[in-house]
Amino acid sequence: MKVYIDGRYYDRSDARISVFDHGILYGDGVFEGIRIYNGKVFRLREHIVRLYQSAKAILLDIPLSMEEMENAVLETVKTNQKHNGYIRLVITRGEGALGIDPTQCKRATVIIIADDIQLYPGGYYEKGIEIVTASSRRLASDGLDPRVKSLNYLNNIMAKIEARQAGCLEAVMLNREGFVAECTGDNLFVVKDGKLLTPAPYYGALDGITMKTVIEIAESLGIETSETALTRYDLYNADECFMTGTGAEIIPVIRIDGRVIGDGRPGKTTASLLNAYKALVKG
Ligand code: PMP
């Protein structure tokens, strides 16, 4: 494996950055996770735009233009001869002094890793997964807007720990007002009376690229969609539920906080969206 760091390639064991990098010291930076399907980078432009928007929100200057960044990603994929896989694109604030002041960091560090990923064991896509509500709330947008895909995932990690302690693989996170935001690393959808519903990003969700793709697919299939407010009541009484993310793709949820969703099996709408999604990414 060859890892791209600031325009140069390093073997996996030699791919290192400074311990004074503020990405490590303070989680100061942004990142993207992107899929490669059949030799093509899926939704690359959308990921690059979100990366630059995240960086802008935290006043982080990326030392490459969007076009240069796209080319660096494509070159890293080619260098690693990845036909199918997963790209982790990381921009840290760069090397600086001890102390959080980002003006000490002269140049952001750009890291691109092209690797493989499997987020959930295969069987869960057929039988669905059980999730719980975490007591850790999603951050408020007047703190750090959850639309910033930052290197600081501790808030989500706390919720993930709660999921694991409850014997589940994932957890639902609510915002401060108690509305459903998203899961720890995925967006959440429900199907109710034939309509596809997901929390609008301003309820505390990442503006997911898979989420948007699923909404596009649903609309092309004639399914009504809405980005709206959802509470746990809406989740418990949904006909179907599933999560979406670049790594997870579309994964059915069949139990939430001990309530069986629908008939306890992945639903028909979820299955048709998953099939259409698979066809789209392969194409
Ligand atoms: N929410 C969070 C917190 C995430 O980290 C991710 C990405 N893993 C998502 C949602 C899904 O976003 P996307 O579809 O763009 O990968």
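Read on for a plain summary of the structure. Worth saying up front: this structure is predicted, and the values here are computed from it rather than measured. (Residues numbered from 1 in each chain as written. Predicted model: local features only at pLDDT ≥ 70, side-chain atom pairs only at ≥ 80, totals over all residues. Heavy atoms only, no water.)

Concerning the overall build of the protein
At step 1: Secondary structure assignment for the protein yields 8 helices and 15 strands.
At step 2: Relative to the compact-globule value of 19 Å for 283 residues, the protein shows a C-alpha radius of gyration of 19 Å, a close match.
At step 3: Its C-alpha atoms put the protein at 55 × 40 × 30 Å along the principal axes.
At step 4: Within the protein, residue pairs in contact and separated by at least 24 positions form 69% of the contacts whose partners lie at least 6 positions apart.
At step 5: Summed over all atoms, the accessible surface of the protein reaches about 13600 Å², with 50% contributed by carbon and sulfur.
At step 6: On the protein, the mean spot of the 34 positive side-chain charges and the mean spot of the 37 negative ones are 3 Å from each other. (Helix = DSSP H or I, 4+ residues; strand = E, 2+ residues; numbered from the N terminus. Rg over C-alpha atoms; globule rule 2.2 N^0.38 Å. Contact = heavy atoms within 4.5 Å. Areas by Shrake-Rupley, 256 points an atom, 1.4 Å probe, with all protein chains shown as cover. Lys, Arg positive; Asp, Glu negative; His and termini not counted. Charge placed at Lys NZ, Arg CZ, Asp CG, Glu CD.)

Digging into unusual backbone geometry
At step 1: A positive phi is found at R43, a non-glycine position, where the angle reads about 55°.
At step 2: Take R43: it is sitting in the loop between β4 (40-41) and α2 (44-57).
At step 3: A positive phi is found at D193, a non-glycine position, where the angle reads about 50°.
At step 4: Here D193 is to be found in the loop between β10 (187-192) and β11 (195-199).
At step 5: A relative accessible area of 68% means that D193 is categorised as exposed. (Buried < 20%, exposed > 50% of the residue type's maximum accessible area, 1.4 Å probe, protein only.)

Some details on the layout of surface pockets
At step 1: In this structure, the largest pocket spans a volume of roughly 610 Å³.
At step 2: Taken together, 34 residues make up the lining of the largest pocket; nearest its centre are L119, K149, Y153, G185 and D186.
At step 3: Counting only elements with at least two residues in the lining of the largest pocket, the list comes to β3 (29-37), β5 (85-92), α5 (154-165), β9 (180-183), α6 (209-220) and β13 (240-245).
At step 4: Residue contributions to the lining of the largest pocket peak at 4 residues, all from α5.
At step 5: Taken together, the residues of the lining of the largest pocket sort by class into 14 nonpolar, 11 polar and 9 charged.
At step 6: The residue makeup of the lining of the largest pocket includes at least three contributed by each of domain 1 (2-115) and domain 2 (124-282).
At step 7: One number sums up the size of the second largest pocket: a volume of about 310 Å³.
At step 8: Together, 20 residues line the second largest pocket, and Y125, E126, E249, L274 and K278 are the ones closest to its centre.
At step 9: When contributions to the lining of the second largest pocket are tallied by element, the ones reaching two or more residues are β3, α4 (123-127), β14 (249-256) and α8 (268-282). (1 Å grid on protein atoms, 1.4 Å probe; cavity = no way out; pocket = protein on both sides within 12 Å on 5 of 7 lines; lining within 4 Å. Points joined across faces, edges and corners; volume = space filled by probe spheres on them. Nonpolar A, V, L, I, M, F, W, Y, C, P; charged D, E, K, R; others polar. Domains from an automatic or database assignment.)

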